[in-house]
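Report on the structure
The lines below spell out each chain.
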Amino acid sequence: MGTAGDYESQRRVPVPPPKPFLKSLQTNLKETFFPDDPFRQFKHQPTPRKLLLGLQYFVPILEWAPRYTFDFFKADLIAGITIASLAVPQGISYANLASIPPIIGLYSSFVPPLIYAMLGSSRDLAVGTVAVASLLISSMLGKVVSPTENPKQYVQLVFTATFFAGLFQASLGILRLGFIVDFLSHATIVGFMGGAATIVCLQQLKGMLGLVHFTHETDLVSVMRSVFGQIHQWRWESAVLGCCFLFFLLLTRYFSKRKAAFFWINAMAPLTSVILGSLLVYLTHAEKHGVQVIGHLKTGLNPPSASDLAFDSPHLMAAIKTGIIIGIIGLAEGIAVGRTFAMFKNYHIDGNKEMIAFGMMNIAGSCTSCYLTAGPFSRTAVNFNAGSRSAVSNIVMATAVMITLLFLTPLFHYTPLVVLSSIIIAAMLGLLDYEAAIHLWKIDKFDFFICLGAYLGVVLGSVEIGLIIAITVSLLRIILFVARPRTIVLGNIPNSGIYRSMEQYPIANNVPGILILQIDAPVYFANASYLRERISRWIYEEEDRLKSAGESSLHYVILDLSAVGSIDTSGISMLEELMKSVDRKGLQLALANPRSEVMKKLDKSKLIDKIGQGWIFLTVGEAVSACNFMLHTRKSTRVAQDNNV
């Protein structure tokens, strides 16, 4: 069929020089685990300086504290006091949601924020308990140990699960495995968090209606059955009180959204609700008329709980499973929230540092009577709007909570549980991000159905089922992207040497006698067979099209490999089989713009010799020119032969 080597202007595609295996392995590991190159700051530094930089890397407060000013402190003081007013009622509410004593919710807003302030890289993240993790703890651990029948054993399992959550989080950060959390896509998180928020709201009907007995299941059917199966036990006093406070909380949120300067109204609303509710119950003795109250709260700081970690418990595996799941949820929410607010202030947070910080604060928390803490969106938004300048706002919040623990806990004795339910419902309604779901529907229908699947899995099944569905569908989509890469037919943009997708550019024209295909992904064992079949089908379809249109027959197939970053042995075998298949049809295969890794594999497998160096081109344009040259040469030869005859 001739060789394109006769085409004079062709530039050869070089084979990159070989790189030693260990050097190549080192490069690959660095790109996988250290994409941000944290070691660059240590280059050309004396040993004492390296030690200081290393210490500052793992304890960021040592890096920014010397530059801290009094103006920063004034801003952080206001922000810290503001988020403390939110932390106290939320801490008590979420502890109630997790079926643990309310005081543990307050403990969890004291020690963990101090740890995060030293180790965290976000200036805006406000640390505290989160509703979804609280619900997960209650639903998962409540199945193995009853929080009402065995409260001590249940609390020990909660501390143990928190310890393993922290261990898992810190391990991901230390081992530089933070990319694992990225497998939870935005669509997955929106659906899962929305479903969890729905279930949390439904669970609060127990408090809103003053019910004593309630299902431990979290699915919609079980909750509705439990609610409507006890209509005769509904307490109208609790319902009226709850609806009033919920209306108040939603009204304050509405005004704060209408005008940003009113954010403090929304921030103070939960604490105001607790104070007003407590006064109302105290003055009217409503606790004697069916309104449930918190009751006695211990005074004093966090007691040590390292001895309560139940490593020898028969339910240890349940605690480990719960810990890993709540650890993932805590990381996904906390890092996403931290990155969102860092973007607003144009600075960067280190995901691996955040994982270490989250892990260490939960390990320390599990040993000081705390349960899982993360970076809840509501509290961080208040911290941001209050003008926080650094993590010192967390220290101020922890100090305010410490004062509360030492002196103010008796004041919460008469706080009605229905107010806590109202606070939780108001917070959870903010997680029902229907606008994000509509946005997903407009942009990517597949992402929308991932979101919907995660939501329905949580609401109709359980939180665990929803999480499994969310992760499975996300992984399935990744597998589909890898296993079914796109192949695109390229055409020539008129009056240019540019070749683009004919689907995207309708003005692009077919090149007579030549089929140009672009493979849009790396070629691996998972997609090699599919690509062979799909490329063969493109050839069949092109031949049929040319035949039906009465145009000149197909002579050349050009594969544009510019998007193929790497190829494995299965991919090499696929190209070899494709070359043989094309050759049997009397066609010629040409490759355009193979990347360095592909050229190395082609060279080592001797496939370059089989295809022919003359059929490997630097650009699609050069490949087309060479093929046209060969077609013209062949046509001229045939005409000359006919004339001689």
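Procedures and definitions
- Residues numbered from 1 in each chain as written.
- Predicted model: local features only at pLDDT ≥ 70, side-chain atom pairs only at ≥ 80, totals over all residues.
- Heavy atoms only, no water.
- UniProt positions renumbered as here; feature names shortened; annotations may be inferred.
- Helix = DSSP H or I, 4+ residues; strand = E, 2+ residues; numbered from the N terminus.
- Buried < 20%, exposed > 50% of the residue type's maximum accessible area, 1.4 Å probe, protein only.
- Contact = heavy atoms within 4.5 Å.
- Areas by Shrake-Rupley, 256 points an atom, 1.4 Å probe, with all protein chains shown as cover.
- Lys, Arg positive; Asp, Glu negative; His and termini not counted.
- Charge placed at Lys NZ, Arg CZ, Asp CG, Glu CD.
- Axes fitted to C-alpha atoms, helices over the stretch in contact; angles between N-to-C directions.
- Nonpolar A, V, L, I, M, F, W, Y, C, P; charged D, E, K, R; others polar.
- 1 Å grid on protein atoms, 1.4 Å probe; cavity = no way out; pocket = protein on both sides within 12 Å on 5 of 7 lines; lining within 4 Å.
- Points joined across faces, edges and corners; volume = space filled by probe spheres on them.

The name an unreviewed UniProt entry assigns to the protein chain is Sulfate transporter 31, from the organism Hibiscus trionum. You can read under Subcellular location (unreviewed entry) in the UniProt record for the protein chain the words "Membrane".

Topic: the overall build of the protein chain
Secondary structure summary: the protein chain contains 26 helices and six strands in total. In the protein chain, buried positions account for 52% of the 645 residues. Excluding contacts between residues fewer than 6 apart, the proportion of contacts in the protein chain whose partners are at least 24 apart in sequence is 79%. Taken as a whole, the protein chain presents about 30600 Å² of accessible surface, with 64% of it coming from carbon and sulfur. Side chains of the protein chain carry 53 positive and 43 negative charges; the gap between the two charge centres is 4 Å.

Concerning the packing of helix 19 (residues 434-443) against helix 20 (residues 445-461)
Remark: helix 19 packs on helix 20, axes separated minimally by 6 Å, with the N-to-C direction vectors making an angle of 145 degrees. Across the interface between the two elements, Ala437, Leu440, Trp441, Lys442 and Ile443 from helix 19 touch Lys445, Asp447, Phe448, Phe449 and Cys451 from helix 20. A per-class count over the contact of helix 19 with helix 20 returns seven nonpolar, no polar and three charged.

Description of the UniProt feature "domain: STAS" (unreviewed entry) in the protein chain
The sites that carry the UniProt feature "domain: STAS" (unreviewed entry) are, in the present numbering, residues 504-627. Annotated as 51% helix and 15% strand, the span residues 504-627 places its first and last C-alpha atoms 24 Å apart.

Details of empty space enclosed by the protein
This model, assessed by the stated rule, comprises three cavities of 30 Å³ or more. If you add up the space inside the largest cavity, you get close to 70 Å³. Lining of the largest cavity is provided by Leu184, Thr188, Ile189, Phe192, Met193, Ile329, Ala332, Glu333 and Leu467. With four residues, helix 9 (residues 186-203) is the largest single contributor of residues to the lining of the largest cavity. Along the lines of polarity and charge, the residues of the lining of the largest cavity split into seven nonpolar, one polar and one charged. Its boundaries defined by the atoms lining it, the second largest cavity holds a volume of some 40 Å³. Looking at the second largest cavity, the residues that line it are Tyr57, Phe58, Pro60, Leu119, Lys353, Ile356 and Ala357. At the level of elements, helix 2 (47-58) and helix 15 (351-366) are the ones that each hand at least two residues to the lining of the second largest cavity. Considered class by class, the residues forming the lining of the second largest cavity number six nonpolar, no polar and one charged.

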